[in-house]
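The lines below spell out each chain.
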Amino acid sequence: MNFDLTPEQDQLRDAVRALGRKYGHGYFVEKARAGGHTTELWQEAGRLGYLGVNIPTEYGGGGGGITELAIVCEELAAAGCPLLLLVVSPAIAATVINKHGTDEQRKRHLPGLADGSQKIVFAITEPEAGSNFHRLGTVARRDGDDWLLTGRKCYISGVDEAGHVLVVARTEDSSTGKLKPALFIVPTAAPGLEKSKLDMEILSPENQFLLYLDDVRLPADALVGESLDAGLPALFAGLNPERITVAAMGAGTGRYAIERASAYTATRKVWGGRSIGTHQGVAHPLAHAAVQVELARLMIHKAATLYDAGRDLEAGVAGNMAKYAAGEAAALAVDTAVQALGGAGMTTEYGVATLLGAVRAGRIAPVSREMILNFVAQHVLGQDKSY
Ligand SMILES: Cc1cc2nc3c(=O)[nH]c(=O)nc-3n(C[C@H](O)[C@H](O)[C@H](O)COP(=O)(O)OP(=O)(O)OC[C@H]3O[C@@H](n4cnc5c(N)ncnc54)[C@H](O)[C@@H]3O)c2cc1C
C-alpha cells in the first residue's frame, strides 16, 4: 500500500496550487458576479498542460491518468477556484472519446481538449427522466447516413463556453426494437439546438442550461464509436472519472474553507488575549470537518489508483464512496467555516459563504447522495433494488 504521490505528481500538485493561488477565490467570485467566465485561468492551465494531464501524449496531453486530473481539480478548488468544467470536459468527454471514439474523433477533439482551446460539455439529465437514466427520452433517428436528434436536456453546465456537447440519446435497436443509449458529439452551434440559461442559486462563473434539440441533423461520424454497440460502454466510461474528479473538487473546496476559517479563528480575539480558536466549541467543529475532508481524500486517492490500474469495478465502488464522502465533507466544511467566522463568514470579503450554493449542489450533482446510497446498498450490501 502506498499513500505517497510520485515526485511528478507532487510537482504537479505544487505547480497547480501556485497557479490557483495566482488567481484565487477573489478572481473566481468577481467573474461569477460579472456574469463572466474564468477564461484566463482556463487558458493558462491549458498552456501549462494541466487540462490535458489525463490525455495521451500522442494527442498533446500529459499521458497521465485520473489521479493527475484529480490533483488538478483538487488544487484549483483548494485555491478557491472550483472549476466544474474540469469534470465535464477533460474528465468525462476526453475519457469517453479517448476510450470509445474513433481514431478520427480522437484526432479531431483530443488535442483541443488537451490544450484547453476546446471544451466539450456533457448532457445526460432530462426533465422527465431525472435520476432514472433508463427513462431518457432524447431519441436519435437515422435519416440516410445522417442522424436526427430530438429531445430535451436540463442543468447542462457550460454550454455557452463549449464548442460541442456530448449528448446521451437513445437509438432503436433494429433487431429488438428496444431503445439503447448512444452518445453524439453535437456542435453547440448546430441548427435545431437551442439553449436557455437557468437561474441557479450558485455563485459560479459556470452556468447551467436547458437544451432543446429539435431534429438536430448530424453526420454519421457524430456518433461516438464505430457502431451503436459502443453506446453503453462509452456512457459507463465517463462515470468513474466524473465521480472521482468531482469528489476531488469537493475535497479541495473543503480544504479551502477550513484553511480560511482556521487562519481567522487562530487570530481573532474577542475575550481578552485568547483567540476564538482556543475555544473547543469553535475548534472542534473545524477539526471534525478536517477529519471528514481528509477521509474523503483518502478514498479519492484509492478510487483514482484503482481506476488508473484498470480495475473499473472496484474503482466504481470506491469512486461512488469518494463522491459521497467528499460531497458531505465539503458541505460540512463550508458551513462550519461560515459559522466559525461569525458575521465575517457571511461577507463576500472573507470568501466562504460564496461557496455555500456550490457545495450544496455537490450533494445533488452529478449524482445525488441518495443514488450513491442506493448503489452501495445494492452492490456492496447485496440488497434488492427498490426502484
Ligand atoms: C450545478 C449543477 C450542474 C449540473 N450539471 C450537469 C451537466 O453538466 N450535465 C448533466 O447532464 N446534468 C447536470 N446536472 C444534473 C444533475 O446530474 C441532476 O440534477 C442529478 O442527477 C439529479 O437529478 P434530478 O435533478 O432530476 O433529481 P430527481 O431525479 O428528480 O431527484 C430528486 C430527489 O429525489 C431523490 N431520488 C430520486 N430517485 C430516488 C431513488 N430511487 N431513491 C432515493 N432517492 C431518490 C434524488 O436523490 C433527489 O434528492 C447538474 C445539476 C446541478 C445542480
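Before reading on, note that the structure itself is shown above.
Rules of the game
- Residues numbered from 1 in each chain as written.
- Predicted model: local features only at pLDDT ≥ 70, side-chain atom pairs only at ≥ 80, totals over all residues.
- Helix = DSSP H or I, 4+ residues; strand = E, 2+ residues; numbered from the N terminus.
- Rg over C-alpha atoms; globule rule 2.2 N^0.38 Å.
- Buried ≥ 20, exposed ≤ 12 C-beta atoms within 10 Å, placed from the backbone.
- Contact = placed C-beta atoms within 7 Å.
- Near = placed C-beta within 6 Å.
- Nonpolar A, V, L, I, M, F, W, Y, C, P; charged D, E, K, R; others polar.
- Domains from an automatic or database assignment.
- Core = buried A, V, L, I, M, F, W, Y, C linked by C-beta atoms within 7 Å.
- Axes fitted to C-alpha atoms, helices over the stretch in contact; angles between N-to-C directions.
- Parallel < 35°, antiparallel > 145°, perpendicular 65-115°, else oblique.
- Left-handed = near helix turned anticlockwise from the far one by under 90°.

*Asks:* Quick question: what am I supposed to make of the overall build of the protein chain here?
*Replies:* Within the protein chain, the secondary structure is distributed over 10 helices and nine strands. Against the globule reference of 21 Å for 387 residues, the protein chain gives a C-alpha radius of gyration of 21 Å, in line with a compact fold. Taking all 387 residues of the protein chain together, 49% fall into the buried category. Relative to all contacts within the protein chain whose residues are 6 or more apart in sequence, the contacts with residues 24 or more apart total 72%.

*Asks:* Can you help me understand the site of the ligand in this one?
*Replies:* In the vicinity of the ligand lie 23 residues, with G130, S131, A365, S368 and E370 positioned nearest. Elements represented by at least two residues in the shell around the ligand include exactly β1 (120-123), β3 (146-157) and α10 (369-379). Grouping the constituent residues of the shell around the ligand by class yields 15 nonpolar, seven polar and one charged. Taken together, domain 2 (122-227) and domain 3 (233-379) each give at least three residues to the shell around the ligand, which thus spans both.

*Asks:* So what exactly am I meant to see when it comes to the nonpolar core here?
*Replies:* Here is a general trend for soluble globular proteins: nonpolar side chains tend to be buried in one another's company. Counting residues in hydrophobic clusters, the biggest one holds 117 residues, and the most contacted among them are F184, I300, A322 and V334. The biggest single contributor to this core is helix α8 (residues 312-341), with 16 residues.

*Asks:* Is there a simple way to think about the environment of L110 in this case?
*Replies:* Take L110: it is sitting in helix α5 (residues 103-115). Accessibility expressed as a C-beta count within 10 Å gives 24 for L110, which makes it buried. As for L110 and I55, which are separated by 55 residues in sequence, their C-alpha atoms are 7.3 Å apart. In contact with L110, other than residues within four places in its own chain, are I55, Y59, G61, A94, I97 and N98.

*Asks:* Help me out: how do you make sense of the packing of helix α4 (residues 85-100) against helix α6 (residues 231-267) in this one?
*Replies:* In a packed pair of helices, the relevant descriptors are the angle between the two axes and the axis-to-axis distance. Packing of α4 against α6 leaves a shortest axis separation of 8 Å and a crossing angle of 150°. By the angle class used here, α4 and α6 are roughly antiparallel. Along this stretch, α4 crosses α6, giving a crossing that reads as right-handed. Facing L86, V87, A91, I92, T95, V96, K99 and H100 of α4, the residues of α6 in contact are P233, A234, A237, G238, P241, E242, T245, V246 and M249. For the contact of α4 with α6, the per-class residue count stands at 11 nonpolar, four polar and two charged.

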